[in-house]
Amino acid sequence: MNKEQNLENTEKALHIGVRRSHLRFDCMYGMLDGQETPKGHPQEIMKRLGITYQNATPQSMVDQWWFWNCENIPEELPPYLEVADWNPMEMIGWGLSKEDAVAIRDYA
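Before going into details, it helps to say that this report is about the structure given with it.

1. A few points about the overall build of the chain
Item 1. A count of helices and strands for the chain gives 4 helices and 4 strands.
Item 2. Helices and strands appear in the chain in the N-to-C order α-β-α-α-β-β-β-α.
Item 3. Partitioning the intrachain contacts of the chain with sequence separation of at least 6 by distance along the chain shows that 62% fall at a separation of at least 24.
Item 4. Here the chain displays about 7,200 Å² of accessible surface, and carbon together with sulfur accounts for 51% of that area.

2. Considering the pattern of salt bridges
Item 1. As enumerated under the stated definition, the model contains 3 salt bridges in all.
Item 2. Two residues, E71 and R20, come together in a salt bridge whose shortest N-O distance is 3.1 Å. In this pair, E71 sits in the loop between β3 (64–70) and β4 (81–84) while R20 sits in the loop between α1 (3–14) and β1 (21–26), placing the two residues 51 residues apart along the sequence.
Item 3. On the basis of relative accessibility, which here comes to 21%, the residue E71 falls in the partly exposed class.
Item 4. Classification of R20 as partly exposed rests on a relative accessible area of 38%.
Item 5. In this structure, the salt-bridge partner of R105 is D106, at a minimum N-O distance of 2.8 Å.

3. So, the nonpolar core
Item 1. Residues L23, F25, Y29, I45, M46, I51, W65, F67, C70, I73, Y80 and L81 constitute the largest nonpolar core, which totals 12 residues.
Item 2. If one sorts the elements of this core by residue count, β3 sits on top with 3 residues.

4. Thoughts on the packing of aromatic side chains
Item 1. On inspection of all chains with the given rule, the structure shows 6 aromatic pairs.
Item 2. Where Y53 meets F67, the ring centres are 4.7 Å apart and the plane angle is 65°; that geometry is what we call edge-to-face. Of this pair, Y53 sits in the loop between α3 (42–49) and β2 (55–59) while F67 sits in strand β3, and the two are 14 residues apart along the sequence.
Item 3. When the centroid spacing of 4.5 Å and the interplanar angle of 40° are considered together, the rings of W66 and W86 count as tilted. Taken together, the positions of W66 in strand β3 and W86 in the loop between β4 and α4 (98–105) put the pair 20 residues apart, joining distant regions of the chain. Of the two residues, W66 and W86, both sit in the buried class.
Item 4. Grouping aromatic residues by their ring pairs yields a cluster made of Y53, W65 and F67.

5. Here we look at the side chain of H22
Item 1. If you trace the backbone, H22 turns up in strand β1.
Item 2. Those residues in contact with H22 that lie beyond four places of it in its chain are F67, W68, N69, E82, V83, A84, W86, P88 and I104.

The rules behind these values
- Residues numbered from 1 in each chain as written.
- Predicted model: local features only at pLDDT ≥ 70, side-chain atom pairs only at ≥ 80, totals over all residues.
- Heavy atoms only, no water.
- Helix = DSSP H or I, 4+ residues; strand = E, 2+ residues; numbered from the N terminus.
- Contact = heavy atoms within 4.5 Å.
- Areas by Shrake-Rupley, 256 points an atom, 1.4 Å probe, with all protein chains shown as cover.
- Salt bridge = Lys/Arg side-chain N within 4 Å of Asp/Glu carboxyl O.
- Buried < 20%, exposed > 50% of the residue type's maximum accessible area, 1.4 Å probe, protein only.
- Core = buried A, V, L, I, M, F, W, Y, C linked by side-chain atoms within 4.5 Å.
- Phe/Tyr/Trp six-rings, centres within 6.5 Å; stacked < 30°, edge-to-face > 60°.

Shown next, in the form of structure tokens:
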């Protein structure tokens, strides 16, 4: 097995099953406690992790990104990501339009 195949198998092993959740990406994680946060835009980092999502909402006031209806979530999340138990209908006006909130709520 070559190095590329080994890396691919490792990445697949991290994604056991498919669960769907909303995720909060904390852009300040590394700055506050001295930990290293990966370099790049949060959407690029999510792509590298293999996590897909329906909608991404930037939250500039708190240096976060909210990712809605994420799939292919690893069993162990990096420390700068956490599962969020949000109702999108309660987030209208916080970066979400009513149309976006309904689409997130009704996502199948």
